[in-house]
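# Summary of the model geometry
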Amino acid sequence: MTVDPPYLRIAAELRRRIASGELVPGDRVPSTRRITQEWGVAMATATKALAALNQEGLVRALPGVGTVVAEPVRPRGRDTAPGEGLSRERVVRAAIALADGEGLGALSMRRVATEFGTSTMALYRHVPSKGELVHLMTEAVFAGTPGGPEPVGWRPRLRRELRWLWSRYERHPWLARAMAGITRPMASPHAMSYTERTLGALRGLGLTPHTMIHIHLSLLGYAQGVAIAVELESQARQDTGLTAEEWMAANERHLDSAQLAGRYPVLSNLFGDGEFDLELGTLFEFGLERMLDGIESLINRSPKT
């Protein structure tokens, strides 16, 4: 009698819970750490179990949440004609949802057409190319402004704008890569509105136009640089089914052995017995304040008119 490997038995049990409705779309499935505790298996076995379910499309990694039960794929109704009700807005919304869930690499005109149960040519009637589609997606994401009353002072105003920008990157991990072309910007009214607000916060401080635009681009480049890690983390969760904490736990033995080798004495003793949890939002806030410190120093040295 053939006995299935442990990871397949674990996957089968989780599959049963999903099929029975015990776990519904959006519910978190047991983490790798929880699986190791519940089934008494190694972290690698737990990882393979979640990876198997991910390959079947039953679960997906959700940034900031963990591995959750995926929404079932709903076939197009028989009474709906291919391409019926298509519009540019609907195509853009579907593309954003696809990129949010699976990354920009999964985006193609054919894939978006599949979401509507229609042909790729039907999409081209509304959006002429994938490049234009990504441009429209970016423009849609940049719609809106920070909420609440406008703060007083250049530093609170810049802080609010950069936090608003960071919230776009957190919600849409693909956005940083889509906007990476600082030297070749496209005409995007909503994105240009963000630029206008940022430059407006610097007006009247004695800065030259050259300095003002360089401050804006430096802040934008900083936010994009950290946000690239958001996309990489999102992709890593999809590929492995592991959160950052679960991945660290799975690789703890290897990391400890590297530190015990004595090659990194400063790094090994930096935190003593305490744990260090790298959180991208905290890292962004730290760097943002240091950037603002530097801008403040620059403003203080600028001649006042």
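Residues numbered from 1 in each chain as written. Predicted model: local features only at pLDDT ≥ 70, side-chain atom pairs only at ≥ 80, totals over all residues. Heavy atoms only, no water.

Here we come to the pattern of salt bridges. Overall, the coordinates contain 17 salt bridges when judged by the stated rule. We note a salt bridge from R155 to E296, for which the minimum N-O separation is 2.8 Å. Taken as a pair, R155 in helix α8 (residues 154-171) and E296 in helix α15 (residues 280-301) lie far apart in primary sequence, 141 residues in all. A relative accessible area of 15% places R155 in the buried class. Residue classification places E296 among the partly exposed positions, given a relative accessible area of 33%. Several salt bridges converge on common partners, so that one network encompasses E13, R16, R17, E22, R34 and E38. (Salt bridge = Lys/Arg side-chain N within 4 Å of Asp/Glu carboxyl O. Helix = DSSP H or I, 4+ residues; strand = E, 2+ residues; numbered from the N terminus. Buried < 20%, exposed > 50% of the residue type's maximum accessible area, 1.4 Å probe, protein only.)

We now examine the confidence of the model for the chain. Here the chain averages 80 in pLDDT, and 76% of its residues register 70 or above. Confidence scores differ between elements of the chain, with helix α12 (residues 244-250) showing the lowest mean pLDDT of 59 and α8 the highest of 93. (pLDDT = per-residue confidence, 0-100.)

Considering the arrangement of structural elements, one finds V59 in strand β1 (residues 59-62). Under the relative-accessibility criterion, V59 is labelled buried at 3%. Along the sequence, V59 and D27 sit 32 residues apart, while their C-alpha atoms lie 9.5 Å from each other. Those residues in contact with V59 that lie beyond four places of it in its chain are I18, V29, L50, L53, N54, T67, V68, V69 and A70. (Contact = heavy atoms within 4.5 Å.)

All right, on to the packing of aromatic side chains then. The full count for this structure, using the stated rule, is five aromatic pairs. Between W164 and Y194 the ring centres are 6.1 Å apart and the planes differ by 20°, which places this aromatic pair in the stacked class. Taken together, the residues span a long stretch of sequence, with W164 in helix α8 and Y194 in helix α10 (residues 189-202) at a distance of 30 residues. Of the two residues examined, W164 and Y194, each falls in the buried class. Taking the centre distance of 4.5 Å and the plane angle of 5° together, the rings of W166 and F284 count as stacked. Of the two residues, W166 sits in helix α8 while F284 sits in helix α15, which places them 118 residues apart along the sequence. A residue is classified by how much of its surface remains accessible, and W166, at 6% relative accessible area, is buried. Aromatic ring contacts, followed pair by pair, group F142, W164 and Y194 into a single cluster. Sitting over the ring of W164, R197 keeps its end group 5.0 Å from the ring centre. (Phe/Tyr/Trp six-rings, centres within 6.5 Å; stacked < 30°, edge-to-face > 60°. Lys NZ or Arg CZ within 6 Å of the ring centre and 35° of its normal.)

L107, V112, L133, M137 and Y169 are the most contacted members of the largest nonpolar core, which has 54 residues in total. Each residue touching L107, except ones within four places of it in the same chain, is listed here: A95, L98, V112, K130, L133, V134 and M137. Counting 14 residues, the second largest nonpolar core, distinct from the first, contains I10, A49, L50 and L53. (Core = buried A, V, L, I, M, F, W, Y, C linked by side-chain atoms within 4.5 Å.)

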